[in-house]
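Structural overview for review
Each chain is listed here by its residues.
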Amino acid sequence: MSRWIRASIPLAVFLLIAWFLLQGLHRNPREIPSPLIDRPAPLAALERLQNLEHHLASASQAVATASLQGSGLAPTGVAASPSVSDGIGTSAPSSSSPAALYAGKVWMLNVWGSWCSGCQLEHPLLNALAAERLLPIVGLAWKDSPAQARQWLDRLGNPYSLVLMDLDGKAAIDWGVYGAPETFVIDARGMVRFKHVGPLSDEVVRGQLRPLLARLGAS
Amino acid sequence: MSDKPVPNPLAPVALNEAQTERLRRLYGEIRCLVCQNQSLADSAADLAVDLRHEVQLQIAQGSSDTQIKRWLVDRYGDFVLYRPPLQPSTALLWVGPFAALGAGALIWTIVQRRRKRAEAEVPGIGRGTAPSPSTGAPSPALASQANRLERARQLLSHPD
C-alpha cells in the first residue's frame, strides 16, 4: 500500500507541473491585470473634441449630438451645469471629467486613436452598441490630433456620447492604458468594473460585457 | 494609416547629476508595458517615452523613488516593476524556491536517516552489499551459520 503511495509521488509532481504549464499556455501575456478594477475611475478633466475644433463643428455632429440628447444618453448628472445640455461646445467648459459627468450612471470609456488599426476593427461593434443605447460610450482619443480624430469619426461613424482628447497622453497613463484600443466599464458609484485590452469582439461583448451590464443594471 | 500616435514633443526636463543618476536606476527597475521584455530605459515605444517624461517630471518635483513607483503601480499594477513586492499574491514567487530547497533537504535527511536505521537493525540490508570477509568481524547471522556448520562437521568426523 505505502509502496503505491510512494510510487505515485513522481506522478503527482509531474501532474502539478503540467497543470501550471497548461495554465500558462492559455494565458495572454499581454493582458496585464488592471489595478483600477473596483477602484474609483480617474477624475482627470479633458478637452472635448468639440472645443478644440469649434471653428469646424460640422452639421452632422450637431445632428448626432441632438439625437443622443433626445435618447437620454448625453451627459447628465452635474447639477446646474450648462455644459451638460450643450452638445456643440459653444458654451461648454473647456474641459470635462467624464467620471464627474456620468456620476450615478453606468458608462463606458473607449480609448482609441485614428492612428490605431485595432480601433478601426472594433469600431463597427461600438457603433452597434451605441445604436442599441445600452449605455453612454465616452471616446478618449489618445494622442490624436483633433482634425484626424474628427476625420475618423466622420468616416467610420460616431458611437460616442462624448469625445475627449488626450493630447499629451497623461489621462491614458492615469487610466493605466498601454495599448489602444482599451475599453473600461464604470459603474454608478464611479468604480471601474471592467477592462478589456485590444479590439472588442462579439465574444467579449456577449460573454463578458452584457452579463456585466445586466448585473450593474445598465438601462 | 500609420500605426503610430501623433508625435507629441515633450519638453525636456532639466535634472542635475544626482537626479539623472536616480533616473537611470529607476528606469532599470520599471518594465515597459508595450514591449514587455524591455525596461523603461531601453524602450522606444511611445508610451515609454511618455512614462519616462512623467518620471523625469516627478523627480524634478522632488518625489521619492518609492512615491514614483507607487504612482506607477497605482496605474499599471505590480507588473510594471521588475522586482515585485512581497505580498500574498507574490508570496509563492518569493518563497517558492526556498520552500522547494527546504523540502528537498527534508526528504534527503529522512531518506538518509531511514537508511541508517535499517542498516543498524538488519546488517547488510541498508546498502545492499553483502558483508565480505575483509570488513572485519563477521555478522552475527553469519557467525551462527558458521557455528552450525562447525557443529555438523564435528558430528560427522566423530560419529560416536
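Residues numbered from 1 in each chain as written. Chains lettered and ligands numbered in written order. Predicted model: local features only at pLDDT ≥ 70, side-chain atom pairs only at ≥ 80, totals over all residues. Heavy atoms only, no water.

1. Some words on the packing of aromatic side chains
Using the following cut-off: Any two rings among Phe, Tyr and Trp, with Trp reduced to its six-membered ring, count as a pair given centres within 6.5 Å; such a pair is stacked if its planes are under 30 degrees apart, edge-to-face if over 60, and tilted if neither. Secondary structure counts use DSSP, requiring at least four H or I residues in a row for a helix and at least two E residues in a row for a strand, with both numbered from the N terminus. The buried label applies to any residue whose accessible area, calculated with a 1.4 Å probe on protein chains only, is under 20% of its type's maximum; exposed applies above 50%, and partly exposed to all values in between. Here, over-ring charges are defined by two tests on the NZ atom of lysine or the CZ atom of arginine: distance to the ring centre within 6 Å, and angle to the ring normal within 35 degrees.
Scanning the model with the defined rule gives seven aromatic pairs over all chains in all. Between the aromatic rings of W107 of chain A and W175 of chain A, the centroid separation amounts to 6.3 Å while the plane-to-plane angle is 80 degrees, which identifies the pairing as edge-to-face. With W107 of chain A in strand β3 (residues 107-112) and W175 of chain A in the loop between α7 (170-174) and β6 (182-186), this pair connects stretches of sequence that are 68 residues apart. An identical accessibility class is assigned to W107 of chain A and W175 of chain A; each is buried. The rings of Y102, W107, W175 and F184 of chain A are connected pair by pair, giving a single aromatic cluster. Above the face of the F79 of chain B ring, R31 of chain B is positioned so that its terminal group lies 4.1 Å from the ring centre.

2. Let's talk about the interface of chain B and chain A
Rules: Should any heavy atoms of two residues lie within 4.5 Å, those residues are considered in contact. For any pair of parts, buried area is found by adding up, for both, the accessible area (1.4 Å probe) each one loses once the two are put together. Salt bridges are identified by distance alone: a Lys or Arg side-chain nitrogen within 4 Å of an Asp or Glu carboxyl oxygen. Within 3.5 Å is the distance limit for a polar contact, defined as a pair of N or O atoms, with the added protein rule that one can donate a hydrogen and the other accept it, and that residues adjacent in sequence qualify only through two side-chain atoms.
The interface of chain B with chain A comprises 23 residues on the first partner and 29 residues on the second. Contact between chain B and chain A buries roughly 2100 Å² in total, counting both sides, with carbon and sulfur atoms accounting for 54%. The shortest N-O distance in the salt bridge between K170 of chain A and E54 of chain B comes to 3.4 Å. There are five residue pairs in polar contact (both at pLDDT 80 or more) connecting chain B and chain A. Sorting the residues of the side of chain B that touches chain A by element identifies α2 (46-60) and α3 (65-76) of chain B as the ones contributing at least two each.

3. A closer look at the state of the cysteines
All names here are of chain A. Here is the rule we go by: Pairs of cysteine sulfur atoms within 2.5 Å are identified as disulfides in what follows.
This model, assessed by the stated rule, comprises one disulfide over all chains. Paired through a disulfide, C116 and C119 show a sulfur-sulfur distance of 2.1 Å. Taking the torsion about the sulfur-sulfur bond, which here is approximately 95 degrees, the covalent link between C116 and C119 counts as right-handed. Of the two residues, C116 and C119, neither departs from the other in class, the shared state being buried.

4. Some thoughts on a positive patch on the surface
For the record, the criterion: Like-charged residues are merged into a patch within 9 Å and nonpolar side chains (Val, Leu, Ile, Met, Phe, Trp, Tyr) within 5 Å, provided each residue has over 30% relative accessible area and no salt bridge. For accessible areas, the Shrake-Rupley method is used with a probe of radius 1.4 Å. Any residue's cover is judged against the shown protein chains and nothing else. Note that His is not counted, nor are the chain ends; the positive residues are Lys and Arg, and the negative ones are Asp and Glu. By convention, the point assigned to a charge is CZ for Arg, NZ for Lys, CD for Glu and CG for Asp.
A contiguous patch of positive charge, built from R3 and R6 of chain A together with R113, R114, K116 and R117 of chain B, is present on the exposed surface. Those elements that provide at least two residues to the positive patch are α1 (2-25) of chain A together with α4 (91-121) of chain B. Broken down by element, the residue count for the positive patch peaks at four residues, all from α4 of chain B. Relative to the assigned elements, R114 of chain B resides in helix α4.

5. A short note on the pattern of salt bridges
Applying the stated criterion to the full structure yields 17 salt bridges over all chains. The salt bridge involving K143 of chain A is made with D50 of chain B; its shortest N-O contact spans 2.7 Å. With K143 of chain A in the loop between β4 (137-142) and α6 (146-156) and D50 of chain B in helix α2, this pair bridges two chains. Here K143 of chain A matches D50 of chain B in class, with each residue buried. We note a salt bridge from D65 of chain B to R25 of chain B, for which the minimum N-O separation is 3.9 Å. Of the two residues, D65 of chain B sits in helix α3 while R25 of chain B sits in helix α1 (residues 17-29), which places them 40 residues apart along the sequence. Linked by salt bridges that have partners in common, D38, D187, R189 and R193 of chain A make up one network.

Keep in mind these numbers describe shape, not what the thing actually does.
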